[in-house]
Amino acid sequence: MSLSKIKHIVLVLSGKGGVGKSSVTTQLALSLSLAGHAVGVLDVDLTGPSIPRMFAIEDAKVTQAPGGWLPITVHEADPGAGVGSLRVMSLGFLLPRRGDAVVWRGPKKTAMVRQFLSDVFWDELDYLLIDTPPGTSDEHISLVETLLQKTTPEQLAGAVVVTTPQAVATADVRKELNFCAKTGIRVLGVVENMSGFVCPNCSECTNIFSSGGGEVMANDFNVRFLGRVPIDPQFLVLIETGRRPRNPEGTTVNGHNISTPAGAPADDQETRDSALLVQKYKDCSLASIFHAITADVVAAVQQAQGS
Ligand code: ADP
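Conventions used here
All residue numbers here refer to positions counted from 1 along the written sequence of the relevant chain. Side-chain atom pairs in this predicted model are given and counted only at pLDDT of 80 or more, local residue features only at pLDDT of at least 70, and totals for whole chains, interfaces and linings cover all residues. For side-chain calculations, the full set of non-hydrogen atoms in the structure is used, while hydrogens and water are omitted. UniProt positions are given in the numbering used here, feature names are shortened, and annotations may be inferred rather than shown by experiment. Strands are runs of DSSP state E lasting at least two residues, helices are runs of H or I lasting at least four, and both sets are numbered from the N terminus onward. Buried residues are those whose accessible area, probed at 1.4 Å on protein chains only, stays under 20% of the maximum for their type, while exposed residues exceed 50% and partly exposed ones sit between those limits. Here, residues are in contact when the closest pair of their heavy atoms is within 4.5 Å. Note on areas: these come from Shrake-Rupley sampling with a 1.4 Å probe, and a residue is covered only by the protein chains present in the view. A helix's residues, less one, multiplied by 1.5 Å, set its expected span. Cavities and pockets were defined on a 1 Å grid built from protein atoms only: a cavity is a group of points that admits a 1.4 Å probe but offers it no way out, a pocket is an open group of points flanked by protein on both sides within 12 Å along at least five of seven lines, and a lining residue is one with an atom within 4 Å of any such point. Being near a molecule or strand, for a residue, means having at least one of its heavy atoms within 4 Å of it. Between N or O atoms, a polar contact is any pair within 3.5 Å; within protein, one atom must be a potential hydrogen donor and the other a potential acceptor, and residues adjacent in sequence are included only when both atoms are from side chains. Each molecule is assigned to a cavity or pocket provided more than half of its atoms lie within 2 Å of the corresponding grid points.

- The UniProt entry for the protein chain carries the following comment under Sequence similarities (unreviewed entry): "Belongs to the Mrp/NBP35 ATP-binding proteins family. NUBP2/CFD1 subfamily."
- Recorded in UniProt for the protein chain, the comment headed Subcellular location (unreviewed entry) runs: "Cytoplasm".

What follows is the structure, encoded as structure tokens:
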């Protein structure tokens, strides 16, 4: 069975689209891999699968093996460097045209999600992150039902809920937390994304919108607050162009110094190198933030599963 060799399954949920759920999934995956874990990402966001774009593997072709699909390898494990393998499967790979799935009717979507959960050959994974559609739709219910049927309680670790300072003010994220409570999915924690802005000129983090609402809400619901993630234009550039992030001397985010070391290549051309995404991501201001968030998620999973 495709899920049987997976140790921990983590759902990534958001109350509404555009809050950065796929970006958070991507960065959790990169961070877990940098911590030496074998990671898989399953993208079932039929409203617009963006995971292939995040990992720059939009043109990858999935291979059909007898009884299922083989996920795309983003990178293999490098035990010497302490990096775990990273594999990805997205509904986006199976769509003849982008946006096709959006017009499918409910039962077709539900059937696809079911099949997706059972027909991907993951092999051994420490973590499988599932990027879900925004909201609490029929697909979510069917996803959770299928997961409850096909996994053991030890495997199904819980959910990370992503919000933004503005979305906290809406009812969506609260609905998401209520959905978890109703379906018996443990909430591992809440991430407040787009909380402030890392200025590309001075690299100072500024709060353009109010921030902190995610923490208040997490406290209200008695769930763990995993942290605030600012908007970093260099993360976008890394995803869009593959350019390695560069940070002026003295760059500090959330108290971490993440300046680009002296002696690093001087201009954009030289930084457009062929290193793996996971290596370039280490130079992103958001990497240190996700290092801490990931450590908290791992702790929450271990605490929940008593391992
Ligand atoms: P969702 O999955 O919730 O629809 P995405 O993860 O696709 O949202 O994010 C929407 C857009 O915002 C993407 O282009 C993404 O790269 C960008 N983005 C999200 N979070 C950040 C961030 N913290 N810093 C910079 N860009 C971000």
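Right, picking up where we left off after that structure.
### Thoughts on the overall build of the protein chain
- Per the secondary structure count, the protein chain includes 11 helices and 13 strands.
- Within the protein chain, the proportion of its 307 residues that are buried is 53%.
- Contacts in the protein chain between residues far apart in sequence, at least 24 positions, make up 78% of those at least 6 positions apart.
- Counting every atom, the protein chain has about 13,400 Å² of accessible surface; 51% of that belongs to carbon and sulfur.

### Focus on helix 11 (residues 285-305)
- Compared with an ideal rise of 1.5 Å per residue, which puts 21 residues at 30 Å, helix 11 spans 31 Å between its outermost C-alpha atoms and is within 8% of the ideal.
- Just downstream of helix 11, G306 is the residue with a positive phi angle, here 60°.

### Some thoughts on the UniProt feature "binding site: ATP" (unreviewed entry) in the protein chain
- UniProt marks G15, K16, G17, G18, V19, G20, K21 and S22 with the feature "binding site: ATP" (unreviewed entry), using the numbering shown here. Considering only the annotated residues already named, the ones lining the largest pocket are K16, G17, G18, V19, G20, K21 and S22.
- As for its placement among the helices and strands, K16 is situated in the loop between strand 1 (6-14) and helix 1 (21-34).
- K16 gets classed as partly exposed once you look at its relative accessible area, which sits at 35%.
- Along the chain, K21 falls in helix 1.
- When its relative accessible area of 6% is taken as the criterion, K21 is described as buried.
- In this view, K21 contacts V12, L13, S14, D45, D131, T132, P133, P134 and V162; residues no more than four positions away in its chain are not counted.

### Things to note about the site of the ligand
- Neighbouring the ligand are 18 residues, the closest being G18, G20, K21, S22 and S23.
- Between an oxygen atom of the ligand and a main-chain N or O atom of G20, the distance comes to 2.9 Å.
- With the chains in place, 84% of the 560 Å² that the ligand exposes on its own is no longer accessible.
- Taken atom by atom, the bulk of the ligand overlaps the largest pocket.
- Those elements that provide at least two residues to the shell around the ligand are helix 1, helix 2 (51-54), strand 9 (187-198) and strand 11 (225-231).

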